[in-house]
Every structure is written in C-alpha cells, then in structure tokens.
Amino acid sequence: MTSYLVTGASRGIGLEFIRQLSEDSKNTVIALVRNAAKSVYLQEITHLPNVHVVEGDVTSIETMKKAAESVTAITGGTLDYIIENAGGDIGTDTSLANPNRDPSTLVEELKGNFELNAVSAVITTNAFLPLLRKGKAKKIILISSAIGDLEFTRITGFVGIPAYGVSKAALNYIAQKYAAELAAEDFVVLALSPGLVDTSSTKEGEQTQPSEEDIKKMQAIFEQWAKSQPDWDRKPLTVQDSVTKQLKVISSVGPKDSGKLLSQNGNTAWL
Ligand SMILES: NC(=O)c1ccc[n+]([C@@H]2O[C@H](COP(=O)([O-])OP(=O)(O)OC[C@H]3O[C@@H](n4cnc5c(N)ncnc54)[C@H](OP(=O)(O)O)[C@@H]3O)[C@@H](O)[C@H]2O)c1
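Residues numbered from 1 in each chain as written. Predicted model: local features only at pLDDT ≥ 70, side-chain atom pairs only at ≥ 80, totals over all residues. Heavy atoms only, no water.

Participant: Please give an account of the pattern of salt bridges that cites residues and values.
Facilitator: Inspection of the entire model under this criterion finds ten salt bridges. The closest approach of N and O atoms between Glu185 and Arg133, which form a salt bridge, is 2.7 Å. Placement of Glu185 in the loop between helix H5 (162-182) and strand E6 (188-192) and of Arg133 in helix H3 (residues 103-133) is noted, with a sequence separation of 52 residues between them. By relative accessible area, Arg133 is classed as partly exposed at 40%. The closest approach of N and O atoms between Arg154 and Glu151, which form a salt bridge, is 2.8 Å. Linking Arg154 with Glu151, this pair stays in helix H4 (residues 150-156), spanning three residues, or about one helical turn. Salt bridges here are not isolated pairs; linked through shared partners, they connect Lys256, Asp257 and Lys260. (Salt bridge = Lys/Arg side-chain N within 4 Å of Asp/Glu carboxyl O. Helix = DSSP H or I, 4+ residues; strand = E, 2+ residues; numbered from the N terminus. Buried < 20%, exposed > 50% of the residue type's maximum accessible area, 1.4 Å probe, protein only.)

Written out as structure tokens, the structure reads:
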C-alpha cells in the first residue's frame with residue numbers, strides 16, 4: 001500500500017486529489033479536513049475502504065500533532081506522500097500601495113495569509129516528518145501558486161492579491177529550505193502550482209453567473225497573466241484536469257527537482 005495525506009480535502013483541489021488517488025485500491029488515502037461533519041462533498045466518497053478522514057487545522061500545532069497520531073493509527077506510523085493543499089486568500093487583499101486602504105486591514109491580511117499559506121506548511125510538515133521519514137516515497141508537496149513567483153509577477157505586472165502572493169512566495173522559499181535540510185535523507189520537497197482552476201462545483205452558493213463587470217475585470221486580468229504565456233487559451237482548468245496533471249508531476253519529480261516551484265505542467269508554464 002502507498003499512503004497519501006492531503007490537507008484541505010473538504011472541497012476544491014484537495015477533494016479531487018482524494019477522488020483520483022482513491023481510484024487505485026492499492027493507495028491508502030487520508031483526507032485532512034477542519035470539520036468532517038461539514039465536509040459534504042467529501043462524504044460522497046468516505047464509504048470507500050481506502051479513504052480515511054482525520055480532522056485538524058493546519059495553523060494549529062496542537063491539532064496537527066493529534067492528526068499525526070490519528071494517521072499513525074491508520075498506517076502503522078508511516079506516510080509516503082504528503083500533499084499540503086489547505087490554503088487560500090484571506091480578506092479583500094487588493095493592493096499594497098493604495099492610500100485609501102485602511103493600513104491596519106492590510107497588515108491583518110498580510111499576517112492572516114502568511115499564517116494560513118506559509119506558517120501552516122512548517123507546522124504541518126514538522127508534525128508529519130516522523131511518519132514521512134519511515135515512508136517509502138519521502139515526497140513533500142506544498143501546493144503553491146504562480147502568484148507567489150517573482151518572475152511571473154515581474155513579467156505580468158500583476159498587482160492584485162498581494163498578501164496572498166507574499167505568503168505563497170514565502171511558501172516557495174520554505175520548500176527550498178526543507179529541500180536543502182532534508183536532501184541527505186533523500187526527500188523530495190516540491191512547491192507545486194495547480195494552474196488557474198475552476199473549483200466552483202464544490203463550493204456551495206458559487207454557481208451563480210458573474211456580472212458583466214466581473215467578467216470584464218477577469219478578462220483584463222487574464223490578458224495580463226497571458227503576458228507570461230501568450231498562447232494560453234484564457235480559460236481556467238477543470239479541477240479534474242489540474243489534479244491529473246499535478247499527480248503526473250508528483251510521481252515524476254526526483255531529487256534534481258527538490259526545492260523548485262513547478263506548474264501543473266511540470267515546468268514554468270503556469271496557465
Ligand atoms: N483554485 C485555483 O485556481 C488555485 C490557483 C493557485 C493555487 N491554488 C491553491 O490550491 C490550494 C487549494 O485551492 P482551492 O481552490 O481548492 O481552495 P478552496 O476550494 O477554497 O479549498 C480550500 C481548502 O483548504 C481548507 N482550509 C482552509 N483553511 C484551513 C485550515 N486552517 N486548516 C485546514 N484546512 C483549511 C478548506 O477547508 P474548509 O472547508 O474547512 O474551509 C478547503 O478544504 C490552495 O492552497 C490555493 O492557494 C488554487
């Protein structure tokens with residue numbers, strides 16, 4: 001059996017990782033969620049014998065320690081792969097330099113995103129390292145974003161969601177630091193960007209049609225992002241396609257890739 005733990009598995013990309021990984025009965029797949037009772041989409045697959053659910057908040061040392069104990073009870077104390085996917089953008093997070101923004105809101109957003117997307121990776125990785133050290137694959141995958149890539153930001157000139165971007169840039173650096181520290185133990189640590197992914201099918205209340213103004217704003221943003229990849233079709237990936245691509249990257253990366261930020265395409269084509 002090969003064991004996988006995926007955090008943020010209640011919905012979106014994390015849920016799709018659980019769905020696809022559980023299709024192979026030789027995999028033991030563990031979904032980490034904040035609240036199992038409220039994870040309604042996940043409940044559709046928890047009857048599968050190779051799917052297990054543990055609870056934990058990735059920003060809490062205490063609950064992640066308990067989650068590691070629960071995983072130990074499932075796997076006998078080992079873990080082959082961890083996919084640290086829990087995260088997201090906190091707040092309205094629109095601009096760093098706008099003088100009309102309340103400075104204390106901006107600071108709160110910087111701190112909140114940093115805690116959720118960067119500090120959580122250290123808490124989670126350290127809680128599960130004893131199990132991963134006994135695992136066969138020794139792969140630590142930190143789900144990041146091109147929004148935290150310095151070169152993507154330079155080329156596109158993209159201003160938006162800066163607090164989120166800062167936190168994902170920190171996450172990319174955390175991947176490099178773990179890669180350096182764990183290289184001698186044959187770990188592969190990867191920051192992996194999923195692409196632009198439509199996860200609305202597993203978000204209650206987000207199936208409504210966007211307004212014309214929203215569509216225009218999104219199109220303007222897409223044109224900016226396309227500066228990094230002019231042949232991009234300007235469409236988000238389905239969650240299924242993104243996860244299938246990401247799983248290919250996860251299985252193919254080796255020591256030479258450790259510490260890198262790669263896209264769902266296994267390179268720096270982010271879209
Ligand atoms: N979708 C995209 O286009 C895109 C692009 C680039 C990067 N990403 C990254 O991909 C990852 C998944 O994104 P997504 O679009 O699937 O997001 P999503 O649908 O908003 O799901 C986020 C998941 O993270 C969980 N989570 C949030 N805070 C948590 C915490 N403190 N402890 C434990 N779990 C927590 C949520 O659980 P609850 O249900 O309890 O809230 C949920 O399962 C994120 O790291 C995101 O930054 C996404």
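Participant: Quick rundown of the site of the ligand? Include the residues and the values.
Facilitator: Taken together, 26 residues lie near the ligand, and Ser10, Arg11, Arg34, Tyr164 and Val197 sit nearest. Contact between the ligand and Val58: a nitrogen atom at 3.0 Å from a main-chain N or O atom of the residue. In isolation the ligand has 910 Å² of accessible area, and contact with the protein removes 86% of it. Residue classes in the shell around the ligand are distributed as ten nonpolar, eleven polar and five charged. (Near = heavy atom within 4 Å. Polar contact = N/O pair within 3.5 Å; in protein donor to acceptor, adjacent residues only side chain to side chain. Areas by Shrake-Rupley, 256 points an atom, 1.4 Å probe, with all protein chains shown as cover. Nonpolar A, V, L, I, M, F, W, Y, C, P; charged D, E, K, R; others polar.)

Participant: I'd like a description of the side chain of Ser120, backed by residues and values.
Facilitator: For Ser120, the position within the fold is in helix H3. Not counting the four nearest positions on each side in its chain, Ser120 is found in contact with Val58, Thr59, Glu84 and Glu115. (Contact = heavy atoms within 4.5 Å.)

Participant: Describe in detail the sheet that holds strand E5 (residues 139-143), supporting the description with residues and values.
Facilitator: In any sheet, the strands associate via hydrogen bonds between backbone groups, in a parallel or an antiparallel arrangement. Spatially, E3-E2-E1-E4-E5-E6-E9 is the arrangement adopted by the seven strands of the open sheet, whose pairing is parallel. Two strands bound the open sheet, and with one partner strand each, they are strand E3 (51-55) and strand E9 (261-262). In this sheet, strand E2 (residues 27-33) lies alongside strand E1 (residues 2-7) in parallel orientation, the contact comprising six bridges. What sits directly across from Thr7, in E2, is Leu32. On top of the sheet, helix H2 (residues 61-75) reaches E1, E2 and E3; it is set at about 155° to E3, its chief contact. Along the sheet, helix H7 (residues 239-252) makes contact with strand E4 (81-84), E5, E6 and E9, crossing E5 at roughly 145°. (Pairing = 2+ DSSP bridges. Axes fitted to C-alpha atoms, helices over the stretch in contact; angles between N-to-C directions.)

Participant: Which residues make up the packing of H3 against H5, and what values go with them?
Facilitator: Two numbers describe how H3 lies on H5: the axes approach to 8 Å, and their chain directions differ by 25°. One way to sum up the angle between H3 and H5 is to call them roughly parallel. Both H3 and H5 take part in a crossing whose hand is right-handed. Of the residues in H5, those touching H3 at Glu109, Leu110, Asn113, Phe114, Asn117, Ala118, Ala121, Val122, Thr125, Asn126, Leu129 and Arg133 are Ala163, Tyr164, Val166, Ser167, Lys168, Ala170, Leu171, Ile174, Tyr178 and Leu182. (Parallel < 35°, antiparallel > 145°, perpendicular 65-115°, else oblique. Left-handed = near helix turned anticlockwise from the far one by under 90°.)

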